[in-house]
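Working through the structure, step by step
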Amino acid sequence: MNQNKIWQGNWTFILAAAGSAVGLGNIWKFPYMAGTNGGSAFVLIYFLCILLIGLPVMMAETYLGRYGRKSPINSIKKVVTDFNLSFYWKILGWLGAIAGLMILSYYSVFAGIAAAYIFNFMPSNEVDPVYYSLNYFSEFVGSPMKMIFWHTLFLGITCFIVGKGVIDGIGKTINFLMPTLFLLIILLCIYSSFTGDFLRAFNFLFDADFSKISTSVIIAAMGQAFFTLSIGMGAIMAYGAYMPEDQPIAKTIPVIIILDTSVALFAGLTIFPIVFSNPILSVSSGPGLLFETLPIAFSSLPYGSIFSSIFFILISIAAVSSSVSLIEPFTAWVEEQQIFTRKLGVIILGLFAWILGLGSIFSFNIWKEIFIFGFDFLSLMDFLTNNIMLPFGGLAICLLVGWVLEKEKMKKDLKMNSGFYNFFIICLKYVAPISIGTIFLSYFFS
Ligand code: TRP
């Protein structure tokens with residue numbers, strides 16, 4: 001790797017990784033999953049998963065990237081060669097690159113809807129906001145052309161940024177987007193605490209109620225921990241390759257995790273007070289929480305439509321800063337192998353994601369009745385990536401870094417004290433693999 005592909009200063013890596021982590025997963029998925037899985041019980045398990053699995057796997061993944069200093073596919077290849085490992089380990093890099101495109105394909109569909117919602121202004125004299133909102137959503141997703149338009153636009157912007165390069169494209173964009181994102185979420189949280197039912201939202205998220213903990217809550221929380229931290233597919237590994245050599249991983253990753261978790265909590269503390277402010281609405285409405293329920297809630301609040309637009313701008317920003325990390329690993333590989341230039345490479349990969357995304361779009365409308373193994377196309381993509389590929393990738397990362405890499409060098413490179421190091425190794429060797437393995441097994445028995 002040439003020197004000009006190293007991020008300047010320590011903050012760019014932090015913002016880029018936080019940009020990757022903070023996304024639809026925090027602002028859309030976290031609130032609705034917390035809403036449907038009993039609030040505080042889910043939040044508690046989610047915290048545990050972040051601490052015991054997310055933190056060690058994220059550090060390990062970053063370390064692998066910086067160790068290899070190449071695209072995830074080639075960084076893994078280097079580890080395989082350096083340690084004389086079996087050829088099969090190389091699958092890890094490929095699996096990740098492919099998972100990235102698969103996630104991007106439907107991520108861009110939802111991000112497209114969010115972007116379109118910036119312009120969803122409910123008429124101020126609307127007599128039936130519930131009907132208006134539900135109808136708006138079903139008309140939107142019922143129209144393949146509208147959805148394709150926004151999907152194309154979102155994916156186009158993503159590819160444009162990545163095509164401009166790691167430093168000038170991703171780095172510069174992130175340095176501008178992330179501070180904006182943090183400002184907006186704080187602004188919205190203040191708005192909702194003044195206009196909505198903040199106390200009830202707070203209790204809903206933090207009043208520990210252990211009776212609601214169940215296997216399905218645990219599985220959901222772990223899947224969410226992987227997704228929200230962008231771990232298990234090489235996104236963070238790719239960014240790790242651009243990290244300055246002397247940046248202390250052990251101090252940097254916790255910062256990213258704190259940022260990501262804070263945004264998820266702030267998002268919950270923005271959305272729930274607003275939804276609770278309206279007695280006819282429920283927080284457990286699932287994926288429609290953001291696109292159906294929230295606009296209804298906003299409609300009865302002061303300056304609701306302005307803040308609704310600001311809210312969807314926030315989501316769009318969070319989504320772009322994540323989507324670039326989904327396509328970067330594969331793009332970096334294409335560029336490295338000199339198969340195509342970065343620009344042409346990202347266009348071709350983007351085209352793959354675009355086509356795959358059509359399947360997810362159609363599962364809302366013309367393919368509504370078509371099921372593969374009991375899943376519609378979108379749910380199949382979601383299941384394959386979040387429930388199989390990411391945990392599998394995470395497991396492989398744990399085993400590689402926990403059991404194979406040389407420990408003394410790693411301890412020095414990570415700049416950890418002994419206590420933290422022992423925690424890290426125990427999690428990587430035992431806690432994380434056993435938890436992930438148990439969850440895999442639970443699929444077969446549930
Ligand atoms: N973490 C992002 C979110 O919360 C999504 C994302 C970006 C992602 N890159 C990833 C998820 C890599 C898994 C793997 O919305």
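Scroll up to find the structure.
Here goes a summary of the coordinates provided. Quantities reported herein were computed from a predicted structural model and do not represent experimental measurements. Along each chain, numbering runs from 1 in the same order as the chain's sequence is written. Local features in this predicted model are restricted to residues of pLDDT 70 or higher, and side-chain atom pairs are both shown and tallied only at a pLDDT of 80 or more, whereas totals for entire chains, interfaces and linings draw on every residue. Side-chain numbers here rest on the full set of heavy atoms in the structure, without hydrogens or water.

Centre distance within 6.5 Å is the pairing criterion for rings of Phe, Tyr and Trp, where only the six-membered ring of Trp is used; planes under 30 degrees apart are then read as stacked, over 60 as edge-to-face, and the remainder as tilted. A full pass over the atoms with the stated rule returns 41 aromatic pairs. Both rings, one in Phe 110 and one in Phe 364, keep their centres 6.1 Å apart while their planes meet at 75°; by these two values the pair is edge-to-face. On the criterion of sequence distance, the pair formed by Phe 110 in helix α5 (residues 91-117) and Phe 364 in the loop between α15 (342-362) and α16 (377-404) is long-range, its members being 254 residues apart. As far as the burial class goes, Phe 110 and Phe 364 line up, both buried. Ring geometry for Tyr 117 versus Phe 291: centroids 5.3 Å apart, planes at 65°, classification edge-to-face. Highlighted residues: Tyr 117 in helix α5 and Phe 291 in the loop between α12 (249-276) and α13 (293-299), separated in sequence by 174 residues. Categorising residues by exposure relies on relative accessible area from a 1.4 Å probe, with only protein chains included: less than 20% of the type maximum marks a residue as buried, more than 50% marks it as exposed, and the intermediate range marks it as partly exposed. The class for Phe 291 is buried, based on a relative accessible area of 3%. Positioned above the aromatic ring of Trp 403 is the side chain of Lys 429, whose terminal nitrogen or guanidinium carbon lies 4.6 Å from the ring centre. In DSSP terms, a helix is any run of H or I states spanning at least four residues, a strand is any run of E spanning at least two, and both are numbered starting from the N terminus. Definition used: whenever NZ (Lys) or CZ (Arg) falls within 6 Å of the ring centre and also within 35 degrees of the ring normal, the charge is taken to sit over that ring.

Time to look at the site of the ligand. We call a residue near a molecule or strand whenever a single non-hydrogen atom of that residue lies within 4 Å of it. Looking at the ligand, there are 17 residues lining it, with Ala 21, Gly 25, Tyr 107, Phe 227 and Ser 230 nearest. Polar contact is defined as a pair of N or O atoms within 3.5 Å, subject to the rule that within protein one atom must be able to donate a hydrogen and the other to accept it, and that residues adjacent in sequence are counted only when both atoms are side-chain atoms. Within the backbone of Gly 25, an N or O atom sits 2.8 Å from an oxygen atom of the ligand. Ser 325 places a polar side-chain atom, nitrogen or oxygen, 3.1 Å from a nitrogen atom of the ligand. Taken by itself the ligand offers 360 Å² of open surface, and the protein chains cover 100% of this. Those elements that place two or more of their residues in the shell around the ligand are α1 (11-21), α2 (24-36), α5, α10 (215-229) and α14 (304-336). Here the residues of the shell around the ligand sort into nine nonpolar, eight polar and no charged. For the accessible areas, the method is Shrake-Rupley and the probe is 1.4 Å, while residue cover comes only from the protein chains on display. Classes in brief: Ala, Val, Leu, Ile, Met, Phe, Trp, Tyr, Cys and Pro nonpolar; Asp, Glu, Lys and Arg charged; the others, Gly included, polar.

When you line up the elements, Leu 199 lands in helix α9 (residues 198-206). Here Leu 199 falls in the exposed class, since its relative accessible area comes to 61%. Sequence spacing of Leu 199 and Pro 273 is 74 residues, and the spatial spacing of their C-alpha atoms is 7.7 Å.

Close approach of charged atoms lets side chains of opposite charge pair. Think of a salt bridge as a Lys or Arg side-chain nitrogen and an Asp or Glu carboxyl oxygen that are within 4 Å of each other. In this structure the tally under the stated criterion is eight salt bridges. Where Lys 5 meets Glu 335, a salt bridge forms, and the shortest distance between an N and an O atom there is 3.0 Å. Here Lys 5, found in the segment before α1, pairs with Glu 335, found in helix α14; they are 330 residues apart in sequence, far enough to count as distant. Residue class for Glu 335 comes out partly exposed when judged on its relative accessible area of 25%. In this structure, Lys 78 and Asp 82 form a salt bridge, with 3.1 Å as the shortest nitrogen-oxygen distance. Note that Lys 78 and Asp 82 are positioned in helix α4 (residues 72-82) at a spacing of four residues, about one turn of the helix. Residue Asp 82 is classed as partly exposed on the basis of its relative accessible area, which comes to 40%. Several salt bridges share partner residues, and in doing so they unite Lys 5, Glu 328, Glu 335 and Arg 342 into one network.

Whenever a pair of cysteine sulfur atoms sits within 2.5 Å, that pair is classed as a disulfide. Considering all chains together, one arrives at zero disulfides under this definition. As a non-bridged cysteine, Cys 427 has Cys 398 as the owner of its nearest cysteine sulfur, 9.0 Å distant. On the accessibility criterion, Cys 427 (2% relative accessible area) is buried.

We now examine the packing of α2 against helix α3 (residues 40-68). The geometry of α2 relative to α3 is characterised by a closest axis approach of 7 Å and an angle of 125° between their N-to-C directions. Of the possible angle classes, the one that applies to α2 and α3 is oblique. Residues Phe 30, Met 33 and Ala 34 of α2 pack against Phe 42, Val 43 and Tyr 46 of α3. Here the contact of α2 with α3 is composed, by residue class, of six nonpolar, no polar and no charged. Whenever a helix is involved, its axis is fitted only over the stretch in contact; in every case the axis is a line through C-alpha atoms, and angles between N-to-C directions fall within 0 to 180 degrees. Orientation labels follow simple angle bins: below 35 degrees gives roughly parallel, above 145 gives roughly antiparallel, 65 to 115 gives roughly perpendicular, and whatever is left gives oblique. The contact rule is simple, with two residues in contact once any of their heavy atoms fall within 4.5 Å.

Moving on to the side chain of Asp 260. Tracing the chain through its elements places Asp 260 in helix α12. Here the side chain of Asp 260 touches Asn 26 through a polar contact of 2.9 Å, side chain to side chain. Setting aside chain neighbours within four positions, we find Asp 260 in contact with Ala 21, Val 22, Asn 26, Tyr 46, Thr 228 and Leu 229.

Patches in this entry comprise residues that are over 30% relatively accessible and not in a salt bridge; like charges within 9 Å are linked, as are nonpolar side chains (Val, Leu, Ile, Met, Phe, Trp, Tyr) within 5 Å. On the surface, a nonpolar cluster with roughly 540 Å² of combined accessible area is contributed by Ile 366, Trp 367, Ile 370, Ile 372 and Phe 373. Judged by its relative accessible area of 74%, Phe 373 falls in the exposed class.

All right, on to the environment of Leu 399 then. The residue Leu 399 is located in helix α16 in this model. On the basis of relative accessibility, which here comes to 29%, the residue Leu 399 falls in the partly exposed class. Sequence separation of Leu 399 and Ala 267 is 132 residues, and the distance between their C-alpha atoms is 34 Å. Setting aside residues no more than four positions away along its own chain, Leu 399 makes contact with Trp 89, Val 404 and Pro 433.

This paragraph deals with the environment of Ala 250. Along the polypeptide, Ala 250 turns up in helix α12. The sequence separation of Ala 250 and Met 416 amounts to 166 residues, and the corresponding C-alpha distance is 5.8 Å. If we skip the residues at most four places from it in the chain, Ala 250 touches Met 59, Leu 414, Lys 415, Met 416 and Phe 420.

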